[in-house]
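Geometric and topological summary
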Amino acid sequence: MATAAAASASEAEAEPKAGPEAEGGEDEAKAARARRKVLSRAVAAATYKTMGPEWDQQEEGVSESDGDEEYAMASSAESSPGEYEWGYDEEEKNQLEIERLEEQLSINVYDYNCHVDLIRLLRLEGELTKVRMARQKMSEIFPLTEELWLEWLHDEISMAMDGLDREHVYDLFERAVKDYICPNIWLEYGQYSVGGIGQKGGLEKVRSVFERALSSVGLHMTKGLAIWEAYREFESAIVEAARLEKVHSLFRRQLSIPLYDMEATFAEYEEWSEDPIPESVIQSYNKALQQLEKYKPYEEALLQAEAPRLAEYQAYIDFEMKIGDPARIQLIFERALVENCLVPDLWIRYSQYLDRQLKVKDLVLSVHSRAVRNCPWTVALWSRYLLAMERHGIEHRVISVTFEKALSAGFIQATDYVEIWQAYLDYLRRRVDFKQDSSKELEELRSAFARALEHLKQEVEERFNESGDPSCLIMQNWARIEARLCNNMQKARELWDSIMTRGNAKFANMWLEYYNLERAHGDTQHCRKALHRAVQCTSDYPEHVCEVLLTMERTEGTLEDWDIAVQKTETRLARVNEQRIKAAEKEAALAQQEEEKAEQRKRARAEKKALKKKKKTRGADKHRADEDDEKEWGDDEEEQPSKRRRVENSVLPAGEAEPGSEADLSGSIAPAAAEPPLEPKEVRVGARRRDVPKVPHDSSKDGVTVFVSNLPYGLGEPAATLRPLFEACGDVVEVRPIFSNRGDFRGYCYVEFREEAAALQALQLDRQSVEGRPMFVSPCVDKSKNPDFKVFRYSTALEKHKLFVSGLPFSCTKEELEEICKAHGTVKDIRLVTNRAGKPKGLAYVEYENESQASQAVLKMDGMTIRENVIKVAISNPPQRKVPEKPEARKAPGSALLPRQVYGARGKGRTQLSLLPRALQRPSATTTQAENGPATLPAGTTPATSEAPKMSNADFAKLLLRK
């Protein structure tokens, strides 16, 4: 609709311009006014759909007019508030909004929405010059979308009047096809170039545009067909014998490419061609159909998914990468970037493929340039862009300009500025010829280092409240370059002094870096001086620094140097130990306070819960008493069902009847009730219990038995599952799983072997995964006889050759961690800590061959980033576990062991208050129950008479009435 309206506007505009030119012409200002009115009418026509049928009638009136009347009507349409609702107030509001947007862009030129709104308002106002400037400014900062480009192109096409305007439109098309892969823009480009076929070189221009369009989007399975058909229609329209062969060639090329609706193209070729289709063309067509079947699942996934369809595009990219066709790989990347232009990882992957595989200069640099325009906040894209420009030999001036753009891109964190400065400084360092004592490149490198430090200190630190370079990496690189490449140790020492004064003097690794630099390029005196300062200042690993100092003096120092070093290290380590003891005492005090607070909170919660339960019990008693008052005294037939069930399940002595029953009242036993009594609870539970014989544990076989726990509770057949695992260790006599009363597996079992050596070997299966859970395998030990036995098999003391790593990503594997750790020494073992369900906890223990390697690994790995997680690395020194109180602690001095707590009638309840009225309480036997044994009965007393008969509510009521 917009294209047709623009074309009609262009034709209508040509007539009034012809008159003034024939008469001698109008001035330039009048021509500009005419262009503005044409643009306004083009905009009005493009918005037909939003204005309804009334707009259609008005537009028809405009198209029927001609000459000066057309301009008069267009002018009246712009100035008539009754017809178009564009009054003076609306224009004034638009002007104010335009001024506001221009002011906003002067403050922040990277405001994308402001650019779009400003272009829209200027276009509505018909400001041709301003809208062109606004579009030009936006296109220099951002890549434009397909819709914005088509809108701009349609406006320019509608106002193109001569060859110069046509060339300007051609330039716009060239810029448009470089931002994104847009089949619609290529189609518009080809159709517009057909209009200039009458000009010099017009035919070659058309063919060149279509050929480039086929190279760019001809492989597009869903939208490439339109380009092929437009090209064929153009060639078919040229009535020349030589053109027939060109059409044949286009048909054959198209049929060799997997595209949607290939069958219709093949049928069209058969109908158009007078000769039979060659066999080679048919074979290519069939091969393309087979390829189409492979691509269809990915294309259908894209059609069914919703934008931006990143996951579907990534799967499609992986598929194309396996096939390895560069043209198709490039196409699928471009298609994915149309909808995911703000995904930096996609740009990085695309540019990395071009850098490593294609290595075509223009293509590589174009993609890098587009990447930083789409995601200017991503420092990795700028760093890769600088490397690509250096790799392809771009001029130093252009690279410097690109770096300045990167500095003004507005990164989101301070470390990004450090990274881009490092990339640029590396580039400048590679330009220097260090064989010369002085050169222009060397001076430029030094001034860049100084500027980087100043930039980080002022601008970056002011914005982020940090410089982004706490370890002074840039200054360290500068010092190394001065020492190693320029032989200027004096400058290197000055830089290291500056590094230490910025809060790095307490870190041992900084001093050791300086010491190594002095060892390689300085002298022994400065090495000794550096280590003496390190001993006094280091607070994280003073032992390691002291060891390095003593090692150096043992190798190179005199007796006096050795005595001084020993005295300083002993004094320093003594002071460090005192500080650590004080810190530990303070930490212990704080921990004790926290424990006391936790105990107080726990006690308060318990008291609150007991009080709440007590109130609830009193309320229930009161409610029960009210219900009993409502009943008639002695009405035992309305006994509650729960009470009746309890009485029915009770076992009474032979010949006795329940108190209050019919037998008790009439003296005879009534016949059994019609409703059969319920089964006892023991019978019901036993019916559900597995038919598994109870095997008593034989403690004499503990030596050949292991205890296996933490098994999945849903394990169907534990014995059948575990037997193959343990048979690898030796002959298994029995696998004895433990079940609950309900027949459910309780998650542990005993495995008995024939030989003790097999049991010992089975302990190596500890932590092996069984259906996703690590099973625990431990010796079978009776803890009542061996209370000090510990199942935990890992050391809980300080191990200087072992590291404790925390903060790891949960997805980090043992192999990945080993790959990182082995760069610092020989790794003997790595253990990832998991919970009982087998899920990682982000912790690990890494065991090295010796203490020296572990110390180096701590210095290098502490603070390292793994998958956006900053890890912490330290020497393994687990905190002391709380020792449980032993039974001997309950003994009073000189007294026997206290008896076990005897619970009352309410078991382990918080309160032992009896709910039985005092009048109904009977004196109990004046005997105490022996520990773990039956109670002793008085002489002449039988167990049957020691229990009070159970009574109902009616019995309680009768007893109270008798009083």
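Preceding this section is the structure that the text describes.
In this text, all values refer to a predicted model and were calculated from it rather than measured experimentally. (Residues numbered from 1 in each chain as written. Predicted model: local features only at pLDDT ≥ 70, side-chain atom pairs only at ≥ 80, totals over all residues. Heavy atoms only, no water.)

Next up on the list: the overall build of the protein chain. Scanning the protein chain for helices and strands turns up 40 helices and 12 strands. Taken across its 963 residues, the protein chain has 34% of its residues classed as buried. Partitioning the intrachain contacts of the protein chain with sequence separation of at least 6 by distance along the chain shows that 61% fall at a separation of at least 24. As displayed, the protein chain offers around 58700 Å² of accessible surface, 51% of which is attributable to carbon and sulfur atoms. (Helix = DSSP H or I, 4+ residues; strand = E, 2+ residues; numbered from the N terminus. Buried < 20%, exposed > 50% of the residue type's maximum accessible area, 1.4 Å probe, protein only. Contact = heavy atoms within 4.5 Å. Areas by Shrake-Rupley, 256 points an atom, 1.4 Å probe, with all protein chains shown as cover.)

All right, on to the pairing of strand E1 (residues 705-709) then. In terms of burial, E1 is a largely internal element, four of the five residues being buried. Where E1 lies against strand E6 (residues 776-779), four bridges are found, and the strand directions are antiparallel. Across the sheet, residue Val708 finds its bridge partner in E6, namely Val777. (Pairing = 2+ DSSP bridges.)

The grouping of Lys608, Lys609, Lys612, Lys613 and Lys616 at the surface amounts to a positive patch. Topologically, Lys612 is positioned in helix H31 (residues 559-630). (Patch = residues over 30% accessible without salt bridge, like charges linked within 9 Å, V, L, I, M, F, W, Y side chains within 5 Å. Salt bridge = Lys/Arg side-chain N within 4 Å of Asp/Glu carboxyl O. Lys, Arg positive; Asp, Glu negative; His and termini not counted. Charge placed at Lys NZ, Arg CZ, Asp CG, Glu CD.)

Taking 1.5 Å of rise per residue, 18 residues should cover 26 Å, and helix H24 (residues 414-431) covers 27 Å from first to last C-alpha, within 8% of that figure. Lining the buried residues of H24 we find helix H22 (379-391), helix H23 (396-407), helix H25 (440-464) and helix H26 (473-485). (Expected span 1.5 Å × (residues − 1).)

The next point concerns unusual backbone geometry. Residue Pro308 is bonded to the preceding Ala307 through a cis peptide linkage, with omega at 10 degrees. Locating Pro308 in the fold gives a position in the loop between helix H17 (279-304) and helix H18 (310-323). The backbone of Asn465 sits at a positive phi, close to 60 degrees, despite the residue not being glycine. One can find Asn465 in the loop between H25 and H26.

Within the secondary structure, Val338 is located in helix H19 (residues 326-339). Residue Val338 is classed as partly exposed on the basis of its relative accessible area, which comes to 34%. Taking the C-alpha atoms as reference, Val338 lies 9.3 Å from Asp179; in sequence the two are 159 residues apart. With near-sequence residues (within four places) excluded, Val338 lies in contact with Tyr180 and Ile181.

Attention shifts here to the sheet that holds strand E8 (residues 827-834). The antiparallel open sheet is built from four strands, whose spatial order is E8-E9-E7-E12. A strand with exactly one partner marks an edge of an open sheet, and here the two such strands are E8 and strand E12 (872-876). When strand polarity is set aside, the average angle formed by the axes of neighbouring strands in this sheet is 25 degrees. With five bridges connecting them, strand E7 (residues 799-806) and E12 associate as antiparallel partners. Paired with Phe804 across the two strands is Ala874, which belongs to E12. Here helix H37 (residues 814-821) sits on the sheet and contacts E8 and strand E9 (840-848); the angle it forms with E8, its principal contact strand, is near 140 degrees. (Axes fitted to C-alpha atoms, helices over the stretch in contact; angles between N-to-C directions.)

Think of two packed helices as two axes; the pair is described by the angle between the axes and how far apart they sit. Packing of helix H16 (residues 262-272) against H17 brings their axes to within 11 Å, and their N-to-C directions diverge by 165 degrees. The pairing of H16 with H17 is recorded here as roughly antiparallel in orientation. For the pair H16 and H17, the sense of crossing is left-handed. Every residue of H17 that contacts H16 at Met262, Glu263, Phe266 and Tyr269 is listed here: Val281, Ile282, Tyr285, Ala288, Leu289 and Leu292. Per-class residue counts for the contact of H16 with H17 are nine nonpolar, no polar and one charged. (Parallel < 35°, antiparallel > 145°, perpendicular 65-115°, else oblique. Left-handed = near helix turned anticlockwise from the far one by under 90°. Nonpolar A, V, L, I, M, F, W, Y, C, P; charged D, E, K, R; others polar.)

For the rest of this paragraph, the subject is the side chain of Thr569. Relative to the helices and strands, Thr569 is located in helix H31. Within the structure, the side chain of Thr569 is placed 2.9 Å from the backbone oxygen of Ala565, a separation counted as a polar contact. Apart from the residues lying within four places of it in its own chain, the contact partners of Thr569 are Val535, Cys546, Leu549 and Leu550. (Polar contact = N/O pair within 3.5 Å; in protein donor to acceptor, adjacent residues only side chain to side chain.)

Within the structure shown, the criterion is met by 42 salt bridges. As a salt-bridge pair, Asp731 and Arg754 come within 2.7 Å of each other at their nearest N and O atoms. On the criterion of sequence distance, the pair formed by Asp731 in the loop between helix H35 (718-727) and strand E2 (732-739) and Arg754 in the loop between strand E3 (745-753) and helix H36 (756-762) is long-range, its members being 23 residues apart. According to the relative accessible area criterion, Asp731 is partly exposed, its value standing at 44%. When salt bridges with common partners are traced through the structure, they connect Arg123, Arg135, Glu151 and Asp155 into a single cluster.

Before going further, it helps to examine H22. Over its 13 residues, H22 runs 18 Å from end to end, which matches the ideal 18 Å to within 8%, given 1.5 Å per residue. Of all the residues in H22, the buried ones are Val379, Leu381, Trp382, Ser383, Tyr385, Leu386, Ala388 and Met389. Each element contacted by the buried residues of H22 is listed here: helix H20 (344-358), helix H21 (361-374), H23 and H24. The first or second residue beyond H22 is Gly393, which carries a positive phi of 70 degrees.

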